[in-house]
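# What the coordinates show
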Amino acid sequence: MSTEAALYRLLTWLSPSYPLGAFSYSHGLEYAVETGMVQDRDGLQDWAATVIAIGAGRSDGALLAAAWRAASADDHAALDEVAVLAAAWRGTAETALESRAQGAAFLATTRVAWPHTQLDAVALRHRGEVALPVVVGVAAASHGVPLAATLTAYLHAFAATIVSAGVRLIPLGQSDGQRVMAALESAIAVAAADIVATPLAEIGTAAPLVDWCSMRHETQYTRLFRS
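Residues numbered from 1 in each chain as written. Predicted model: local features only at pLDDT ≥ 70, side-chain atom pairs only at ≥ 80, totals over all residues. Heavy atoms only, no water.

## Regarding the layout of surface pockets
Defined as follows: Computed over the protein atoms alone on a 1 Å grid, cavities are sets of points where a 1.4 Å probe fits but cannot get out and pockets are open sets with protein on both sides within 12 Å along at least five of seven lines; a residue lines them when it has an atom within 4 Å of a point. Grid points are joined across faces, edges and corners, and a volume is the space filled by probe spheres set on the points. Counting from the N terminus, the helices are the DSSP runs of H or I reaching at least four residues and the strands are the DSSP runs of E reaching at least two.
Of the pockets and cavities examined, the largest pocket occupies roughly 950 Å³. Leu14, Pro16, Ala157, Ala160 and Thr161 are, among the 45 residues lining the largest pocket, the residues nearest its centre. Taken together, the elements giving at least two residues each to the lining of the largest pocket come down to α1 (3-13), α6 (93-113), α8 (132-142), α9 (147-169) and α10 (174-183). Per-element tally for the lining of the largest pocket: the top contributor is α9, with 14 residues.

Structural data, given as C-alpha cells:
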C-alpha cells in the first residue's frame, strides 16, 4: 500500500467525523474539572499526557499492536485472546463502556464503508462488540496500513478527544486546545515507539487517579459526558 493510501484510511477512520460518538466521553476528566484538579491548559496537558504515557493510552496501544500482528498473521486464536484481554483491561465500568461502545461503532461503520473478510469474521465471533483498539488494529492490518503509523494516529485521536472535552469543560479557547496538542507531539511519539518495542505481557498502567476520577464520575450529580 502506498503511504498516501494508508494516510487516507487513518485520516478517515480516526477523524472526529467518523461516527463513533467519541465526543461524548471525557475519560474521567469531567470529574477532575468538577473538583478543581484540572483547571487550566497546563492541567489539561498533564492529564492527557498521563493517560497517553502510563494510562489507557499505553494499554490501548499495546492491544492495538497485538491485534495488528495477530490479524497480519491471520491468527484467529491469538486475535481472540487479545479481544478478551481488551474487554477486561479497563479500570472502571465507564471506561469499559467507552472502549466497547466506540469499538462496536467503528466495526459496524468500517464493515460498511471499508469491508474486509477479517472484520466480518471478528464481528461474527464477538457478536459485533470488540474494544476500539483491537478493531482499529484489525482494520489497519486487513487493509495494509503500517503498525507504526496506526499507533501514532490512534494515540493522537485519543489525546484529541480528551483535549476537546477539556476545551469544553474548563473551558478553554480553541487556541489553547491546539497548544496542548502541539505540546503532546513528543509524548505521543515516545509512547508509540515504546509500545512497538515492548511485549504485551510487559505492558501495564500506572494512572490510579484517572481511574478514581472515572469511578467518581459514575455518581456525579450533573454530567455532560458518559465517562
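## A word on the packing of aromatic side chains
Remark: the centre distance and the inter-plane angle together describe each pair of aromatic rings, the angle taken between the planes. Applied cut-off: Only Phe, Tyr and Trp rings take part, Trp by its six-membered ring, and two of them pair if their centres are within 6.5 Å. Stacked means planes under 30 degrees apart, edge-to-face means over 60, and tilted covers everything else.
With the rule as written, the count across this model stands at 6 aromatic pairs. Aromatic rings pair up to connect Tyr8, Trp13, Tyr18, Phe106 and Trp114 into one cluster.

## A short note on helix α3 (residues 41-54)
Keep this limit in mind: Here a helix's expected span is defined as the number of its residues, less one, multiplied by 1.5 Å. Only protein chains enter the area calculation, which uses a 1.4 Å probe; residues under 20% of their type maximum are buried, those over 50% are exposed, and those in between are partly exposed. Note that the arc is defined by the directions from the helix axis to the C-beta atoms. In what follows, a contact means two residues having at least one pair of non-hydrogen atoms within 4.5 Å.
Over its 14 residues, α3 runs 20 Å from end to end, which matches the ideal 20 Å to within 8%, given 1.5 Å per residue. Turning to α3, its buried residues number three or more, namely Gly43, Leu44, Trp47, Ala48, Val51 and Ile52. Viewed along the axis of α3, the buried residues span an arc of 165°, placing them on a single side of the element. Looking at the packing, one finds that the buried side of α3 touches α2 (29-34), α4 (56-72), α9, α10, α11 (185-197) and α12 (208-217).

## Examining unusual backbone geometry
The linkage connecting Ile170 with the following residue, Pro171, adopts the cis geometry, with an omega of -10°. Take Pro171: it is sitting in the loop between α9 and α10. Look at His27: it is not a glycine, yet its phi comes out positive at around 55°. Inspection of the secondary structure assignment puts His27 in the loop between α1 and α2. With a phi close to 55°, Arg127 is a non-glycine residue in the positive phi region.

## Quick word on the packing of α3 against α4
Condition: To define axes, lines are fitted to C-alpha atoms, for helices over the stretch in contact only, and angles between the resulting N-to-C directions are given on a 0 to 180 degree scale. Each crossing gets its handedness from the near helix: less than a right angle anticlockwise from the far helix is left-handed, clockwise is right-handed. Each residue gets one label: Ala, Val, Leu, Ile, Met, Phe, Trp, Tyr, Cys and Pro are nonpolar, Asp, Glu, Lys and Arg are charged, and the others, such as Gly, are polar.
Following both chains from N to C, one finds α3 and α4 inclined at 35°, their axes separated by 3 Å at the closest point. When you trace α3 past α4, the crossing you get is right-handed. Residues Val51, Ile52, Ala53 and Ile54 of α3 lie in contact with α4, whose contacting residues are Ala56, Gly57 and Arg58. Tallied by class, residues from the contact of α3 with α4 come to 5 nonpolar, 1 polar and 1 charged.

## Side note on the pattern of salt bridges
Where we set the bar: The term salt bridge refers to a pairing of a side-chain nitrogen on Lys or Arg with a carboxyl oxygen on Asp or Glu at a separation within 4 Å.
Under the definition given, this model contains 8 salt bridges. Across the pair Arg41 and Asp176 runs a salt bridge, and its minimum N-O distance is 3.0 Å. One end of the pair, Arg41, is in helix α3; the other, Asp176, is in helix α10, with 135 residues separating them in the sequence. Its salt-bridge partner being Glu94, residue Arg223 comes within 2.7 Å of it at the nearest N-O pair. Of the two residues, Arg223 is situated in the segment after α12 and Glu94 in helix α6; the sequence distance between them amounts to 129 residues. Under the relative-accessibility criterion, Glu94 is labelled buried at 7%. Through salt bridges with shared partners, one network takes in Arg41, Asp176 and Arg179.

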